[in-house]
Amino acid sequence: MHGSNQSGVSEFLLLGISESPEQQRILFWMFLSMYLVTVVGNVLIILAISFDPHLHTPMYFFLANLSFTDLFFVTNTIPKMLVSLQSQNKAISYAGCLTQLYFLVSLVALDNLILATMAYDRYVAICRPLHYTTAMSPGLCILLLTLCWALSVLYGLTHTLLMTRVTFCGSREIHYIFCEMYVLLRLACSNTQVNHMVLIATGCFIFLTPLGFVIMSYVQIVRTILQIPSVTGKYKAFSTCASHLAVVSLFYGTLGMVYLQPLQTYSMKDSVATVMYAVVTPMMNPFIYSLRNKDMHGALGRLLLGKAFQRLT
């Protein structure tokens, strides 16, 4: 990847949410706190699942990978933003911007695909419980995860390579906290029709198809739960997928706030919505999955307190 594109632009300026020094100091400590909470929360989820044999199941296997994706996602964007806020150096190189864009696009797609895979896992667990062990075998789980990674890498690579064809000859200012595809396309002074067409085509496949799959899975899950005679049974079945449903709602809700609009209307106000899916969602996921999950509570307790926790339980 070259250090500058054909137009001679060697860097961009990430202006962030605010240019006020007072607000930037507040933003620095706010985002630093959120980043540390996100890192600690997701690392604990990964370690708890890795070291606790009780959590070596398909559901927690995919959850660990979701936490890893979220951890990588925030590390791709927030540290650079914190350095910019602290040093007041807003510049990011052309190559650095495209690298950030690649990981951003790939990891958002990976998050989306893993959530769809987790929806399938919940569908099998609730609608076909007798076949769960064979239907969600370790080999199939690894195959599904590999497919998720392959599609995400291909998706990110496609849009990053297309972005290298775009010419930038006007403003270098990005009123955002990171290099985002919509913003870069608005700064372009060359024809971006191909980028738009590929973005629509691949976006429909990589996002709408998994979303449709998630919806269909939950339609079947709800039908199955409604057929359970006891209230206790209904509650127990629903509780196994409540956390996943909450994360799906948060992910697609915040993503839709940003991208379900015409490119021409994309403006600085959308940077606030972007913070929601780029910072808040990865931070909230560990809390959502551990809030009412007894297995996760136990695993985290054993991880942090060891034998002392075991004696108490």
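Residues numbered from 1 in each chain as written. Predicted model: local features only at pLDDT ≥ 70, side-chain atom pairs only at ≥ 80, totals over all residues. Heavy atoms only, no water.

- Under the annotation held in an unreviewed UniProt entry, the protein carries the name Olfactory receptor and is attributed to Acinonyx jubatus.
- Quoted verbatim from the Function (unreviewed entry) field of UniProt, the annotation for the protein is "Putative odorant or sperm cell receptor."
- Under the heading Sequence similarities (unreviewed entry), UniProt records this for the protein: "Belongs to the G-protein coupled receptor 1 family." (UniProt positions renumbered as here; feature names shortened; annotations may be inferred.)

## Quick word on the pattern of salt bridges
And then number 1: A full pass over the atoms with the stated rule returns 2 salt bridges.
And then number 2: The shortest N-O distance in the salt bridge between aspartate 52 and arginine 302 comes to 2.6 Å. In this pair, aspartate 52 is assigned in the loop between α1 (21-51) and α2 (58-87) and arginine 302 in helix α10 (residues 294-305), connecting sequence segments 250 residues apart.
And then number 3: Between aspartate 121 and arginine 122 there is a salt bridge; the shortest N-O distance is 2.8 Å. (Salt bridge = Lys/Arg side-chain N within 4 Å of Asp/Glu carboxyl O. Helix = DSSP H or I, 4+ residues; strand = E, 2+ residues; numbered from the N terminus.)

## Re the state of the cysteines
And then number 1: According to the stated counting rule, one finds 1 disulfide in the structure shown.
And then number 2: With a sulfur-sulfur separation of 2.0 Å, cysteine 97 is cross-linked through a disulfide to cysteine 179. One disulfide, between cysteine 97 and cysteine 179, carries an S-S torsion of -125° and so falls in the left-handed class. Taken as a pair, cysteine 97 in helix α3 (residues 94-127) and cysteine 179 in the loop between β3 (173-174) and α6 (181-187) lie far apart in primary sequence, 82 residues in all. One exposure class covers both cysteine 97 and cysteine 179, and it is buried.
And then number 3: We note that cysteine 241 lacks a disulfide partner, and the nearest cysteine sulfur, in cysteine 127, lies 9.2 Å from it.
And then number 4: On the basis of relative accessible area, cysteine 241 is assigned to the buried category, the value being 1%. (Disulfide = S-S within 2.5 Å. Buried < 20%, exposed > 50% of the residue type's maximum accessible area, 1.4 Å probe, protein only.)

## Let's talk about the packing of α3 against helix α5 (residues 138-163)
And then number 1: Where α3 contacts α5, the two axes come as close as 8 Å, and the packing angle between them is 150°. If you check the angle between α3 and α5, you find them roughly antiparallel. Handedness of the crossing formed by α3 with α5: right-handed.
And then number 2: Residue composition of the contact of α3 with α5, by class: 19 nonpolar, 6 polar and no charged. (Axes fitted to C-alpha atoms, helices over the stretch in contact; angles between N-to-C directions. Parallel < 35°, antiparallel > 145°, perpendicular 65-115°, else oblique. Left-handed = near helix turned anticlockwise from the far one by under 90°. Nonpolar A, V, L, I, M, F, W, Y, C, P; charged D, E, K, R; others polar.)

## Some thoughts on the packing of aromatic side chains
Working definition: an aromatic ring pair is given by the centre-to-centre distance plus the angle between the planes.
And then number 1: Going through the model one piece at a time under the given rule, you end up with 12 aromatic pairs.
And then number 2: Taking 5.1 Å as the distance between ring centres and 85° as the angle between the ring planes, the aromatic pair formed by phenylalanine 251 and tyrosine 252 counts as edge-to-face.
And then number 3: A residue is classified by how much of its surface remains accessible, and tyrosine 252, at 16% relative accessible area, is buried.
And then number 4: Feature note: the residues Phe68, Phe72, Tyr102, Phe103 and Trp149 constitute an aromatic cluster, connected by ring pairs. (Phe/Tyr/Trp six-rings, centres within 6.5 Å; stacked < 30°, edge-to-face > 60°.)

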